[in-house]
Amino acid sequence: MGNISVSINNLSYSSLGEGTIPICRGIIIKSERKANNYNQSTLLVRLFGHKQKVQMYVSGTKEFDVNSLIEIKNLKISLPREAMNEGAFDYRKYLRSTGVKYVGNASAENVKIYGYGGTPVFKEARSINSFLFRRIKNVFGENDVGGIIAGIFLGNKSLISPDIYDSMKFAGISHVMAVSGLHVMIVMSALYLFLKGLRIQKKTMDLKIVAVLILFSLITGMSSSVIRAVFMVALLFAGVSSLRDNDSVTTLSLAALVLCIANPYVIYHTGFQISFLATLSIVVVSKRFSDILKKFMPESLATSIAVSLSAQIGIFPVMIYTFGYITVYTLISNLVVIPLIPFVYIFGALALITNVNPFVFTARMLVQFIIRFAEGIASLEDNTIYFASGIFLSLT
């Protein structure tokens, strides 16, 4: 492959392609460190002088913040792996759906932070994120409860112990701590329950929900999956506001079409599939479930369970297709835990704002129940249903 010399900030390196870049600079768009792997960070980096982004894996315990300006030495660039078998998950297509063509590997000692970039809005959002994280630690402590609150609110899993994270992963509920399109649906449900309790007018409520979701997306780093979900919700509310029965599905379909036109590879993105199908399922069937459940329980709990159940039905085919298996416990765990998350948001937010004991106590008890429930599920024997190309294989 031919090389094209590029000079940025007095640094010379070759155009992107497989190989090693001796030295380059860029800005971090997204930063993640898995709770069960403290020795590697996953960074989404835009290298200066290139239109493309790079998914970077940095070995070491060093932490990196979004909008950090970094200098990288000996960055090893390669193409992502393709699907090994027909119908299997294709990591290369998945990354292309996020605008990423190459992956890179570097050690932490070769990555130096030399400043912070981003627009004033992003800098302010980063400050709010840091403030909220400090506030969570002050109110709930630097423990698993505080860690799960930080994960649910900010997607920050750094305070969670590996054992608790593994228990939640086994139970199939670790996704509640990952900021995603489904997360947006949960936040929307929490806002709806809270604002409805205040008896706010429907159109005013919709505007407030969209405004908070936009703020939520800014604070949590403006990930593409969150932006897509917020875009869908905003257009969905616009359709509902016209008071025509068919507008919800039509508007949601229009939002998906616009996103696919903007980036055709988005159709391969699991986050897009989950966001769209979860929202579609909520629109189509949640009211039916809610009407039935309201006969046996309070309306707020019925609505929360109905939204959770509808979303699970919608994303079930994607989970099977993407991962090739599903545990029986996952189905049970999500039906128990997901309806509680909107209430964790409500009481957690009130606790962070007021630091009043009843709110702190309630939020803490909800999270401790989730932890104990996950630990109980993790102590059970594995019970996994495996699939291949959508066909049932075995139950272990």
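Our structure's up above, just so we're on the same page.
Residues numbered from 1 in each chain as written. Predicted model: local features only at pLDDT ≥ 70, side-chain atom pairs only at ≥ 80, totals over all residues. Heavy atoms only, no water.

A. Quick peek at the overall build of the protein. The secondary structure content of the protein amounts to 13 helices and 11 strands. Taking all 396 residues of the protein together, 46% fall into the buried category. In the protein, of all internal contacts separated by at least 6 residues, the share reaching a separation of at least 24 is 66%. In the form shown here, the protein has an accessible surface area of approximately 19500 Å², with 60% of it arising from carbon and sulfur atoms. (Helix = DSSP H or I, 4+ residues; strand = E, 2+ residues; numbered from the N terminus. Buried < 20%, exposed > 50% of the residue type's maximum accessible area, 1.4 Å probe, protein only. Contact = heavy atoms within 4.5 Å. Areas by Shrake-Rupley, 256 points an atom, 1.4 Å probe, with all protein chains shown as cover.)

B. Structural view of the nonpolar core. By size, the foremost hydrophobic cluster in this structure holds 69 residues, and its most contacted members are Phe140, Ile148, Ile152, Met168, Val184, Leu213 and Tyr345. Among the elements that make up this core, the one with the highest residue count is helix α5 (residues 181-197) (10 residues). Beyond its immediate chain neighbours, meaning those up to four positions away, Tyr345 contacts Ile152, Phe153, His183, Ile186, Val187, Ala190 and Phe216. With 19 residues, the next largest nonpolar core counts Ile21, Val54, Met56 and Ala108 among its residues. (Core = buried A, V, L, I, M, F, W, Y, C linked by side-chain atoms within 4.5 Å.)

C. Representation of a nonpolar patch on the surface within the structure. A cluster of nonpolar side chains, contributed by Phe316, Leu331, Ile332, Val336 and Phe369, occupies part of the molecular surface with about 390 Å² of accessible area. Take the nonpolar patch: its biggest share by element is three residues, from helix α11 (residues 328-337). Structurally, Val336 is set in helix α11. For Val336, a relative accessible area of 30% corresponds to the partly exposed category. (Patch = residues over 30% accessible without salt bridge, like charges linked within 9 Å, V, L, I, M, F, W, Y side chains within 5 Å. Salt bridge = Lys/Arg side-chain N within 4 Å of Asp/Glu carboxyl O.)

D. Spotlight on the packing of α5 against helix α9 (residues 270-293). Put simply, α5 and α9 touch, their axes get as near as 8 Å, and they point 30° apart. Seen from α5, the contacting residues are Gly181, Leu182 and Met185; seen from α9, they are Ile274, Ser275, Ala278, Thr279 and Ile282. Along the lines of polarity and charge, the residues of the contact of α5 with α9 split into five nonpolar, three polar and no charged. (Axes fitted to C-alpha atoms, helices over the stretch in contact; angles between N-to-C directions. Nonpolar A, V, L, I, M, F, W, Y, C, P; charged D, E, K, R; others polar.)

Read these as geometric descriptors, not functional statements.
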